[in-house]
Amino acid sequence: MIYPKKYDVIVVGGGHAGCEAALISARLGCDTLMLTIAIDSIGAMSCNPAIGGLAKGHLVKEVDVFGGEMARNIDETGLQFKILNKSKGPAVWSSRAQADMVAYKYRMKTVLEHQEHLDTKQEMVDEILVEDNKIVGIKTNVGNEYLCRSVVITTGTFMKGKIFIGLNEYEAGRAWEPPSLKLSDSLRNLGFRVSRLKTGTTPRLDARTINFDVLTTQPGDDDPIPFSFRTENFNRPNIPCYLAYTNEKTHDIILSNLDQSPLYSGMVSSLGPRYCPSIEDKVVKFFEKKKHQIFLEPQDANSTEIYADGLHTSLGYEVQLNFLRSMKGLEEVEIMRPGYAIEYDFVDPTQLKHTLETKKIKGLFMAGQINGTSGYEEAAAQGAVAGINASFFVQKKEPFILGRDEAYTGVLIDDLVTKGTKEPYRMFTSRAEYRLILREDNTQLRLAEKSFNAGLMRKEDYAIVKEQIRKIDEIKKTLKNRFLVPTPETNNKLLSINTDIIKTKTDLAKLIRRVEVSYDTLRTIVTDLPPIDKFTKQEIEIDFKYEGYLSLQRQQIEKFKKYETLKIPDDFDYNNVNGLSNEVKGKLMDIRPVSVGQALRIQGVTPAAISILIIYLRKHSDKRFKIAN
C-alpha cells in the first residue's frame, strides 16, 4: 500500500544516530517517522556498555547543546561516571560513564514513543524511492510505500551484515537480529559507491563465575559530573568495574589457534577499527607485550552479565573459553554470549555534503556507521546534524554546518566528507587542531548561541547558559580590577599558600595565572571575594592559566577562516585551471570542496596546487565567488 500519511522526514534505523535524528527532527516540528527492524532494540548498545570516553565525551555534550537526548539518557541511567585524563591538561579531559544497557535502551525508547510529531513503526526498508534525483519516499519489506520530503539513513551494521564466530558465519545485523539485505543494493543502483567494513565485540561473561577478589577495582569519581548541562540534582550510583590482564599463556592459546580466526584465515578481508583492535591483532602485532589490560564492566544493574572490554574477538567458542580461563580471576569463567566479528556495507562518505546530505540525491541524508564511523557517540553526533538538516531542508531554512573551529562534530564530519575512510573512523582529541578552545567543559558556552539562533535550544536552556557566561565574566572582571600591594602582611599570606611574594602592585588575575594558585586559595588571602560554584571556578582558572595558548589558538583560527571563506562554486570546472595535475583535478572533481580550506585538506592535494587554484579564483572571480582578501 501507499501509506496515506505523508511525512516530512523518515529516519531509517533506531540506533544511536537514528534516535537523535528522529527526536531532533520531531522537536523542530517536522512530522517524522522512524522505521526500524526491531522496535524493542531502539537505542540498544550493541557493543560496550558505556557512553563517552576520550574525545567521545565532547561529542555527547555537543549533541546535548543541539537538543539531542544521549547526554540526558546516560545521566538518568549511568552506573558510574568519571573524567578521563584529569591529570593532564583540560584540552584532553573527557567524560565517560558506565551504562545500564537495559535501562538506557528502554528510557530512550520511551522518550521516542512519547515525542510529539514522531511515529515509530517496525518495518525493514528495502528501497529508496527517487524521482528526478530527489527523494520521494521509501519502500519496506512488507510492500508499504511511505512518501516523504527527506530521508535519513542510519543503518549501523545491518546492511548485508555477516557475523563470524570462528569458522562459522551467518547473516545478521548484530547477534541474533536479522540483516538488511536489499537496501545497499538500492543505494548501489542509485549510483553510490558502497564498500565493506568490519568491527567486532567481546564475550559476555557470567559474574557468578569470576573471582573479583583477585582483580583490581576501578571505581568512578566520588563527585561525578553529569553529561548534560540541563541535568539537576545529579545523584547516580558508583558501581565499580574491575581490571584483569592477559598473560603469556593466554597469548600462546590465541597464537596457536589463529587458523580458527576469520581475520587470519581469509574469511574476512575488510578492515576493522585500528584503534580498537581484536585480541588476535593485539597479540600478533604487539608480540613483545607480555600482557594486555582487560576491563570487566557490568552491563546493567540487575543481571550477572559482564562485558570484557579489550577482548574483542572472532575466534571459535572453544578457543574463547580456553583463553579466558587462562587469566587470573577467570579460571572458572562461563561465557554467556561469545564475542564475534561483523562485516557490513557502508557508503563512501566523500559522497556527502557537510550537512550529511548526499550530493547525488536531494533530500537524502546519511548518519552513523553507514558513513564509515565506529562508536555510539560518533553516530549520535552525525544523527543530530543529519536530523537538523533534513528538517531544515523541508522547512527551506539555511543549512546547519559546523566548522572544524567550532565543534568536535565539525571535525568529525569534515574528516569524513573530505578525506573519506578505509577503516572504521573513531574520534580522538588529536584530530582536533583547536582542541584547547574546543574543550569538553566549555561546550555549552561556545555553542549555545549558534544552537539558539538556529532554533535548536529552548529559551529557558539558553537563559541558563547566558547566566553562566555572565557569572564567569563578572568574576574575571573583578579579578582584573582588584590589586594587592607588596606589604609584609600580604607577602606572608602569599607564602602561606606556597606561592612567591610580589614586589609591585599586582592584580588578582595575574596571581591566579600561577599554577599553584586557585580561586579558593586566593579567597584565603582576599576574604571578600564572593563564593562561586565549581563550574564557574573551573572556567575562570582555565581562561586565565591558559590565556596565552588560547590567544595563539584564536589567531590560528583566524588564519584558518581566511581559507574557509574562499568559496568554490559547485559547478566549478577544474579542467580550466592550468598547472594542476590530472591526479589533483580528479580528486577535486570527486570531492567537490566547498572552499579552498576544504580543498587544502584533501589527501594528495598539495600546497602548490592550492596556490595555483587561489591565483585562478582571484583572477577569474565573478559574483559567484566569495574571495578572501
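Bear in mind that the values here come from a model prediction, so they are computed numbers and not experimental data.

## What about the packing of aromatic side chains?
Here comes step 1: According to the stated counting rule, one finds 11 aromatic pairs in the structure shown.
Here comes step 2: Judged by centre distance (4.8 Å) and plane angle (80°), the ring pair of Phe 572 and Tyr 574 falls under edge-to-face.
Here comes step 3: In this structure, Lys 450 is placed above the aromatic ring of Phe 400, and the distance from its NZ or CZ to the ring centre is 5.6 Å.
Here comes step 4: We note Lys 476 situated over the ring of Phe 544; from NZ or CZ to the ring centre the distance is 5.9 Å.

## Comments concerning helix α18 (residues 547-564)
Here comes step 1: The terminal C-alpha atoms of α18 lie 25 Å apart, and with 18 residues this matches the ideal 26 Å at 1.5 Å per residue to within 8%.
Here comes step 2: Turning to α18, its buried residues number three or more, namely Leu 550, Gln 553, Ile 557, Phe 560 and Glu 564. On an axial view of α18, the arc spanned by its buried residues comes to 75°, and they lie on one face. Facing away from the buried side of α18 by over 90 degrees, the exposed positions are Gly 548, Lys 559 and Lys 562.

## Observations concerning a positive patch on the surface
Here comes step 1: Residues Lys 6, Lys 134, Lys 362 and Lys 396 make up a contiguous surface patch of positive charge.
Here comes step 2: With respect to the element layout, Lys 362 can be found in the loop between β19 (340-347) and β20 (364-366).

## Topic: the nonpolar core
Here comes step 1: Grouped together as the largest cluster of nonpolar side chains are 104 residues, with contacts concentrated most on Ile 10, Val 151, Val 152, Ile 153, Leu 187, Leu 364 and Met 366.
Here comes step 2: By size, the runner-up hydrophobic cluster in this structure holds 25 residues, among which are Ala 244, Ile 294, Ile 306 and Phe 323.

## Considerations on the pattern of salt bridges
Where charged atoms from two side chains of opposite charge approach closely, those side chains can pair.
Here comes step 1: What the rule picks out here adds up to 48 salt bridges.
Here comes step 2: Residue Asp 119 pairs with Lys 5 through a salt bridge whose shortest N-O separation is 3.1 Å. Taken as a pair, Asp 119 in strand β6 (residues 118-122) and Lys 5 in the segment before β1 (7-12) lie far apart in primary sequence, 114 residues in all.
Here comes step 3: Judged by its relative accessible area of 33%, Lys 5 is partly exposed.
Here comes step 4: We note a salt bridge from Arg 458 to Glu 460, for which the minimum N-O separation is 3.4 Å.
Here comes step 5: Salt bridges sharing common partners tie together Arg 404, Asp 414, Asp 415, Lys 419, Glu 433, Glu 564 and Arg 601.

## Let's talk about the domain arrangement of the protein chain
Here comes step 1: Assigned domains within the protein chain: domain 1 (7-199 + 344-453), domain 2 (204-343), domain 3 (469-555) and domain 4 (565-628).
Here comes step 2: Computed over C-alpha atoms only, the centres of domain 2 and domain 3 are separated by 45 Å.

## Considering unusual backbone geometry
Here comes step 1: The phi dihedral of Asn 85 falls on the positive side, at around 65°, and the residue is not glycine.
Here comes step 2: By the secondary structure assignment, Asn 85 is in the loop between β4 (78-84) and β5 (94-99).
Here comes step 3: Backbone geometry places His 117, a non-glycine residue, at a positive phi of 70°.
Here comes step 4: Within the fold, His 117 resides in the loop between α4 (101-113) and β6.
Here comes step 5: Exposure remark for His 117: the relative accessible area of 35% places this residue in the partly exposed category.

## Topic: the environment of Ile 294
Here comes step 1: For Ile 294, the position within the fold is in strand β16 (residues 293-298).
Here comes step 2: The sequence separation of Ile 294 and Asp 309 amounts to 15 residues, and the corresponding C-alpha distance is 5.7 Å.
Here comes step 3: Those residues in contact with Ile 294 that sit more than four places away from it in its chain are Tyr 242, Leu 243, Ala 244, Thr 246, Ala 308, Asp 309, Gly 310, Leu 311 and Met 327.

## So, the sheet that holds strand β3 (residues 50-52)
Here comes step 1: One open sheet holds the three strands; their spatial order is β3-β5-β4, and the pairing between them is antiparallel. At either end of the open sheet lies a strand with only one pairing partner, and these are β3 and β4. On average, each strand axis in the sheet is tilted by 20° relative to the strand beside it, whichever way the strands run.
Here comes step 2: Sheet analysis places β4 next to β5, joined by six bridges and oriented antiparallel. Note that in β5 the partner of Gln 80 across the bridge is Gln 98.

## With respect to the environment of Ser 261
Here comes step 1: Position of Ser 261 among the secondary structure elements: in the loop between α6 (248-255) and α7 (262-265).
Here comes step 2: The exposure class assigned to Ser 261 is buried, which follows from its relative accessible area of 0%.
Here comes step 3: Residues Ser 261 and Leu 315, 54 residues apart in the sequence, show an inter-C-alpha distance of 4.8 Å.
Here comes step 4: In this structure, Ser 261 is in contact with Glu 280, Ser 314 and Leu 315, ignoring residues within four places of it in sequence.
Here comes step 5: At 3.5 Å, the side chain of Ser 261 forms a polar contact with the side chain of Glu 280.

## Examining the side chain of Asp 414
Here comes step 1: Within the secondary structure, Asp 414 sits in helix α11 (residues 408-419).
Here comes step 2: For Asp 414, a relative accessible area of 3% translates into the label buried.
Here comes step 3: At 2.8 Å, the side chain of Asp 414 forms a polar contact with the side chain of His 354.
Here comes step 4: With near-sequence residues (within four places) excluded, Asp 414 lies in contact with His 354, Arg 404, Lys 419, Gln 598 and Arg 601.

## A short note on the sheet that holds strand β12 (residues 194-201)
Here comes step 1: Strand order in the open sheet formed by four strands is β11-β10-β19-β12, and the pairing between neighbours is antiparallel. In the strand order of this sheet, the two ends are held by β11 (168-171) and β12, each with one partner. Each strand of the sheet is rotated relative to its neighbour by a mean of 25°, with strand direction disregarded.
Here comes step 2: Pairing of β12 with β19 involves eight bridges; the strand directions are antiparallel. Looking at the pairing, Val 194 lines up with Val 347 of β19.

## A word on the packing of helix α1 (residues 16-27) against α4
Here comes step 1: Packing of α1 against α4 brings their axes to within 11 Å, and their N-to-C directions diverge by 25°. The angle between α1 and α4 places the two elements in the roughly parallel class. For the element pair α1 and α4, the recorded crossing hand is left-handed. Mapping the contact onto sequence places His 16, Cys 19, Glu 20, Leu 23 and Arg 27 in α1 and Tyr 104, Met 108, Val 111 and Leu 112 in α4.
Here comes step 2: Counted by class, the contact of α1 with α4 contains six nonpolar, one polar and two charged residues.

## Here's the deal with the packing of helix α13 (residues 459-481) against helix α17 (residues 534-545)
Here comes step 1: At their nearest, the axes of α13 and α17 sit 10 Å apart, and the two run at 55° to each other. Taken together, the axes of α13 and α17 are oblique relative to one another. Viewed along their axes, α13 and α17 form a crossing whose handedness is right-handed. Contact residues: Gln 468, Lys 471, Ile 472, Ile 475, Lys 476, Leu 479 and Lys 480 in α13; Phe 535, Thr 536, Glu 539, Ile 540, Asp 543 and Phe 544 in α17.
Here comes step 2: Of the residues assigned to the contact of α13 with α17, the class counts are six nonpolar, two polar and five charged.

## Some points on the environment of Asn 247
Here comes step 1: Here Asn 247 shows up in the loop between β15 (241-245) and α6.
Here comes step 2: Accessibility expressed as a relative area gives 23% for Asn 247, which makes it partly exposed.
Here comes step 3: Between the C-alpha atoms of Asn 247 and Asp 414, which are 167 residues apart in sequence, the distance is 41 Å.
Here comes step 4: From its side chain, Asn 247 meets the backbone nitrogen of Thr 250 in a polar contact 2.9 Å long.

Basis of the calculations
In this convention, every chain numbers its residues from 1, walking through the sequence in written order. Two thresholds apply to this predicted model, a pLDDT of at least 70 for residue-level local features and 80 or more for giving and counting side-chain atom pairs, whereas whole-chain, interface and lining totals are computed over all residues. To get the side-chain values, take all heavy atoms of the structure and skip hydrogens and water. Each Phe, Tyr or Trp ring (for Trp, its six-membered ring) is paired with any other whose centre lies within 6.5 Å, and the angle between the two planes then decides the class: stacked below 30 degrees, edge-to-face above 60, tilted in between. Whether a charge sits over a ring depends on NZ of Lys or CZ of Arg being within 6 Å of the ring centre and within 35 degrees of the ring normal. For the purposes of this entry, the term helix denotes a DSSP run of H or I that reaches at least four residues, the term strand denotes a run of E that reaches at least two, and both are numbered from the N terminus. Expected span of a helix: the number of residues minus one, times 1.5 Å. Exposure categories follow from relative accessible area, calculated using a 1.4 Å probe and restricted to protein chains: below 20% of the type maximum is buried, above 50% is exposed, and the middle band is partly exposed. Picture the helix axis, draw a direction to every C-beta atom, and the arc is the one those directions span. Here, patches come from residues exposed beyond 30% relative accessible area and free of salt bridges, joined within 9 Å for like charges and within 5 Å for nonpolar side chains (Val, Leu, Ile, Met, Phe, Trp, Tyr). Using a 1.4 Å probe, the Shrake-Rupley method yields the accessible areas, and only the shown protein chains count as cover for residues. Put simply, a salt bridge is a Lys or Arg side-chain nitrogen that is within 4 Å of an Asp or Glu carboxyl oxygen. All tallies of charge rest on Lys and Arg as positive and Asp and Glu as negative; His and the ends of each chain are not included. Every charge is mapped onto a representative atom, which is NZ of Lys, CZ of Arg, CG of Asp or CD of Glu. Definition of nonpolar core: a set of buried residues of the types Ala, Val, Leu, Ile, Met, Phe, Trp, Tyr and Cys, connected through side-chain atoms within 4.5 Å. The domain limits used here are those given by an automatic or database domain assignment. In what follows, residue pairs with any heavy atoms lying within 4.5 Å of each other are defined as contacts. In this scheme, strands are said to pair when DSSP sees at least two bridges between them. An axis is simply a line fitted to the C-alpha atoms; with a helix, the fit covers only the stretch in contact. Between two such axes, the angle follows the N-to-C directions and lies from 0 to 180 degrees. We call two N or O atoms a polar contact when they sit within 3.5 Å, provided that within protein one can donate a hydrogen and the other can accept it, with sequence-adjacent residues counted only if both atoms are side-chain atoms. The cut-offs work like this: below 35 degrees is roughly parallel, past 145 is roughly antiparallel, 65 to 115 is roughly perpendicular, and the gaps in between are oblique. Definitions for this section: a left-handed crossing has its near helix turned counterclockwise from the far helix by less than a right angle. A right-handed crossing has that turn clockwise. Classes in brief: Ala, Val, Leu, Ile, Met, Phe, Trp, Tyr, Cys and Pro nonpolar; Asp, Glu, Lys and Arg charged; the others, Gly included, polar.

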